[in-house]
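The primary structure of each chain is shown beneath.
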Amino acid sequence: MHELLAKSDRQLGMCLRMLYDEGMPGPLDVHSEINDKGKMEFHVLLSVDDETFEWPRKRFETMAR
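Computed from a predicted model, the values in this text were never measured in an experiment. (Residues numbered from 1 in each chain as written. Predicted model: local features only at pLDDT ≥ 70, side-chain atom pairs only at ≥ 80, totals over all residues. Heavy atoms only, no water.)

Is there a simple way to explain the overall build of the protein chain in this structure?
Counting its regular elements, the protein chain contains two helices and three strands. Reading the secondary structure of the protein chain in the N-to-C direction produces β-α-β-β-α. Put simply, the protein chain shows about 4600 Å² of open surface, and 48% of that area lies on carbon and sulfur atoms. Across the protein chain, 9 positive and 13 negative side-chain charges occur, with their mean positions spaced 10 Å apart. (Helix = DSSP H or I, 4+ residues; strand = E, 2+ residues; numbered from the N terminus. Areas by Shrake-Rupley, 256 points an atom, 1.4 Å probe, with all protein chains shown as cover. Lys, Arg positive; Asp, Glu negative; His and termini not counted. Charge placed at Lys NZ, Arg CZ, Asp CG, Glu CD.)

Next up, the structure:
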């Protein structure tokens, strides 16, 4: 199980659109929680192997900057 961390609802939207557009196998598991600073963050869990996860991880890190 791998995880992408979205620190805002805007990043969450970008992440989900990116994954669905590229045909990532679903359903996607999304959890939200309040971090130490009192801000909402979203954890998108993907049940894929390491090789398959490498592409969305790199792309999301680039987009979320």
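Explain the confidence of the model for the protein chain here, please?
Should the pLDDT be low somewhere, the predicted coordinates at that spot are not to be read in detail. Residues with a pLDDT of 70 or more make up 100% of the protein chain, whose mean pLDDT is 91. Across the protein chain, element-level confidence peaks in strand 2 (residues 29-34) with a mean pLDDT of 96 and bottoms out in helix 2 (residues 50-63) with 90. (pLDDT = per-residue confidence, 0-100.)

What should I look at first to understand helix 2 in this one?
Every α-helical turn comprises 3.6 residues, leaving residues that sit three or four positions apart pointing alike. Between its first and last C-alpha, helix 2 extends 20 Å over 14 residues, near the 20 Å set by a 1.5 Å rise per residue. Residues of helix 2 that are buried: F53, P56 and F60. Viewed end-on, helix 2 has its buried residues packed into an arc of 70 degrees, placing them on one side of the element. Along helix 2, the residues that are exposed and aim more than 90 degrees away from the buried face are D50, E51 and T62. Those residues of helix 2 hidden inside the fold are in contact with strand 1 (2-6), helix 1 (9-21) and strand 3 (40-46). (Expected span 1.5 Å × (residues − 1). Buried < 20%, exposed > 50% of the residue type's maximum accessible area, 1.4 Å probe, protein only. Arc of directions from axis to C-beta. Contact = heavy atoms within 4.5 Å.)

What is the right way to read the environment of V30 from this model?
Relative to the helices and strands, V30 resides in strand 2. In sequence terms V30 and L12 are 18 residues apart; their C-alpha atoms lie 9.3 Å from each other. Setting aside chain neighbours within four positions, we find V30 in contact with L12, L16, H43 and V44.

Please explain the sheet that holds strand 2 as it appears in this structure.
Note on sheets: strands pair through backbone hydrogen bonds, and any given pair is parallel or antiparallel. Here three strands make up an open sheet; going across it, the order is 1-3-2 and the pairing antiparallel. Strands at the two margins of the open sheet, each flanked by one partner only, are strand 1 and strand 2. In this sheet, neighbouring strand axes are inclined to one another by 25 degrees on average, regardless of whether the strands run parallel or antiparallel. Pairing geometry for strand 2 and strand 3, over six bridges, is antiparallel. When the bridges of strand 3 are listed, E33 appears paired with E41. On the sheet, helix 1 packs against strand 1, strand 2 and strand 3 and is oriented at approximately 15 degrees with respect to strand 3. Each of strand 1 and strand 3 touches helix 2; the most contacted strand, strand 1, lies at about 10 degrees to it. (Pairing = 2+ DSSP bridges. Axes fitted to C-alpha atoms, helices over the stretch in contact; angles between N-to-C directions.)

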